[in-house]
Structure formats: C-alpha cells, structure tokens
Amino acid sequence: MKTSLPLFRRAFFDPWRSTLAWAAGLAAAAFLYLPLYPSIGGSAQMQELMDALPVEMTKALNYDQIATGPGYTQATLFGLLGFLLMTIASVAWGAAAVGGDEESGQLELTLAHGVRRVQVVLERALALLLRLLILAGVVFVLVSLLNGPSQLGIEPDNLAEATVLFAGLALLSGTAALCAGAVTGRRTYGISAGSAVGVLGYVFNAVGRQSRDVEWLLDISPYHWAYGNSPVVNGADWGAAAWLWGLSAALVAIAAVALERRDVGV
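Calculation rules
- Residues numbered from 1 in each chain as written.
- Predicted model: local features only at pLDDT ≥ 70, side-chain atom pairs only at ≥ 80, totals over all residues.
- Heavy atoms only, no water.
- Salt bridge = Lys/Arg side-chain N within 4 Å of Asp/Glu carboxyl O.
- Bend = angle between axes of the 7 residues up to and from the residue.
- Helix = DSSP H or I, 4+ residues; strand = E, 2+ residues; numbered from the N terminus.
- Buried < 20%, exposed > 50% of the residue type's maximum accessible area, 1.4 Å probe, protein only.
- Polar contact = N/O pair within 3.5 Å; in protein donor to acceptor, adjacent residues only side chain to side chain.
- Patch = residues over 30% accessible without salt bridge, like charges linked within 9 Å, V, L, I, M, F, W, Y side chains within 5 Å.
- Areas by Shrake-Rupley, 256 points an atom, 1.4 Å probe, with all protein chains shown as cover.
- Axes fitted to C-alpha atoms, helices over the stretch in contact; angles between N-to-C directions.
- Parallel < 35°, antiparallel > 145°, perpendicular 65-115°, else oblique.
- Left-handed = near helix turned anticlockwise from the far one by under 90°.
- Nonpolar A, V, L, I, M, F, W, Y, C, P; charged D, E, K, R; others polar.
- Contact = heavy atoms within 4.5 Å.
- Phe/Tyr/Trp six-rings, centres within 6.5 Å; stacked < 30°, edge-to-face > 60°.
- Lys NZ or Arg CZ within 6 Å of the ring centre and 35° of its normal.

A. Region of interest: the pattern of salt bridges. Scanning the entire structure with this criterion turns up 2 salt bridges. As a salt-bridge pair, Arg10 and Asp14 come within 3.2 Å of each other at their nearest N and O atoms.

B. Helix α6 (residues 69–104), seen in detail. A maximum bend of about 50° is found in α6 at Ala96. Most of α6 sits out of view: 28 of its 36 residues are buried. The opening residue of α6, the one whose side-chain oxygen lies 3.1 Å from the backbone nitrogen of Gly71, is Thr68.

C. How the structure looks around a nonpolar patch on the surface. A cluster of nonpolar side chains, contributed by Val199, Val203 and Val207, occupies part of the molecular surface with about 210 Å² of accessible area. Following the sequence through the fold, Val199 ends up in helix α10 (residues 187–208).

D. Summary view of the packing of helix α9 (residues 156–184) against helix α13 (residues 238–261). Close contact between α9 and α13 brings their axes to 8 Å; oriented N to C, the two are set at 20°. On the basis of the axis angle, α9 is roughly parallel to α13. For α9 against α13, the interelement crossing comes out left-handed. Of the residues contributing to the contact of α9 with α13, the split by class is 23 nonpolar, 3 polar and 1 charged.

E. Examining the environment of Thr175 more closely. Tracing the backbone through its elements, the reader meets Thr175 in helix α9. Note: C-alpha distance between Thr175 and Leu129 (46 residues apart in sequence) is 9.0 Å. In this view, Thr175 contacts Leu128, Ser248, Leu251 and Val252; residues no more than four positions away in its chain are not counted.

F. How the structure looks around the packing of aromatic side chains. In this structure the tally under the stated criterion is 9 aromatic pairs. Geometrically, the ring pair formed by Phe83 and Tyr223 is edge-to-face, given 5.0 Å between the ring centres and 80° between the ring planes. Of this pair, Phe83 sits in helix α6 while Tyr223 is found in helix α11 (residues 222–227), placing the two residues 140 residues apart along the sequence. On the basis of relative accessible area, Phe83 is assigned to the buried category, the value being 10%. In this structure an aromatic cluster arises from ring pairing among Phe83, Tyr202, Tyr223 and Tyr227. Note that Arg131 overlies the ring of Trp93, its terminal NZ or CZ placed 3.7 Å from the centroid.

G. View of the environment of Pro38. By the secondary structure assignment, Pro38 is in helix α3 (residues 37–40). Overall, the relative accessible area of 37% leaves Pro38 in the partly exposed class. Spatially, the C-alpha atoms of Pro38 and Pro149 are 9.0 Å apart, while their sequence positions differ by 111 residues. Those residues in contact with Pro38 that lie beyond four places of it in its chain are Pro149, Ser150 and Gln151.

Scope: geometric values only; no functional claims are made or implied.
Written out as structure tokens, the structure is:
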C-alpha cells in the first residue's frame, strides 16, 4: 500500500533532533528572560536605566514597553531572542527543503521515483509549517507556565494570538528561503532571501520608529506587521496576520510553479 505524504513524513520526522534542539534553545530563552521580570520589571532601577539610554535605542529594541509583564515578554522573548531563534531555524529548514536537496543531488533521485515536483514543494512546505508550529507551541506552553510565577500578568487569549503571529513571522522567512531555493536550485540563495526578510523586517521596524520622515518603512516591515500592535499586550492585529500567512502561501505557490517549469540539476 502506498504511504500517504511520503515526502512530508521524511522531511518532518527524519530531522527530529534538529527540531528538538531548536525547542531547547527557545526554552532556554524563556527561562533566561521571564523569571527575571519580578526583580527588574517596573522597578526604579529599571526606569533609571531606560531613562539613561537614548530614546532611539529603546524604541529600536522595543524596550519602551518593558515596564509591564506583557510588554517585557513581547520585547525580550517574542521580539528579540525568540524571534532570532525562530527565524534562523525557519530559514535553515526552508533553504534546505528544495535548494539544499538539489545541490546535494538528492532532488533528482527523488524525482526519478515518479514524484511530482509540486508534491515536493507542498509536502516539504507542510513539514516546515508543522515544525514551526511545534516550536511556537513550546513557547506558548512555557510562557503560560511561567506567567504566574514570573508575575507577568499576560492574558491567555493575547498570548495565544501573539503566538500565531510569532509563528507566521518566522514562516514568512522560511517560505522565502524555500521559494528562492526552488527558483534557483541553490541553498545559498534561499538562505540569503530568507535572512533578508527577517533582518530587513527588523531593521525597517527599528528605523521606522525613529522619525516620521521614515515611518513609511513600517508599512513594508513584516516584523512591524506582526508586532506593531504589541500582541502580547493588546492581542493580534488579524489583518497583519492575514498578510503574513497569505504571503507565505503565495511564496509556496510560486516555488511550486518555478520548480515545475525549470530544469533540475542544471
């Protein structure tokens, strides 16, 4: 009997050690930042430190909101180290999904078994999505567990909505990497494209918050789409979420069409 979704099963289950390692990294970030909040959040010393820093720096790092538990969690975990780890994982997996496989010669062997090219893209994109959802779920569970002991005061609904945006932002970088890899057949181009989405999104948000003259940069920053509303504090902007997830779907579709129409291994 033919196994359903064979490419997905292999892409999802074979690299389980990698998924576990990134989950451990995110767990370490949560345990590093969140338990510190009771001793520093809202304290006079923290306020003095914030006042001593340049306003531009606090805005760039989103540290202008860390006086509250939800704002602290948004700025430190979701907006900084967690964002960095999720983006790196997503870009690495997305770039390897098609471009990396083609560079190693494995893609030609896969296609020689009568597998459709569209199937390759869709099943590996599904594996990427589910691995990211697992990582986002780990963060959701850990923040929920630390919410009370760390005196964060986060509303469960806001946390759930922020987690959706957290996963969607990482997925956009990953699907950009997958798409570039499928279009070019090169893992390096995939890494470059995915990294550009993550890095430029962060930079555009940081710069756009500095002055009204460059505020337009916020409109083209995926990072700002996800976090401009401070979802851990205020809940999700579902319009922004639709953009993130919709663009990811479009990038997967472009990848499937591109791989279908070009020569592989040339």
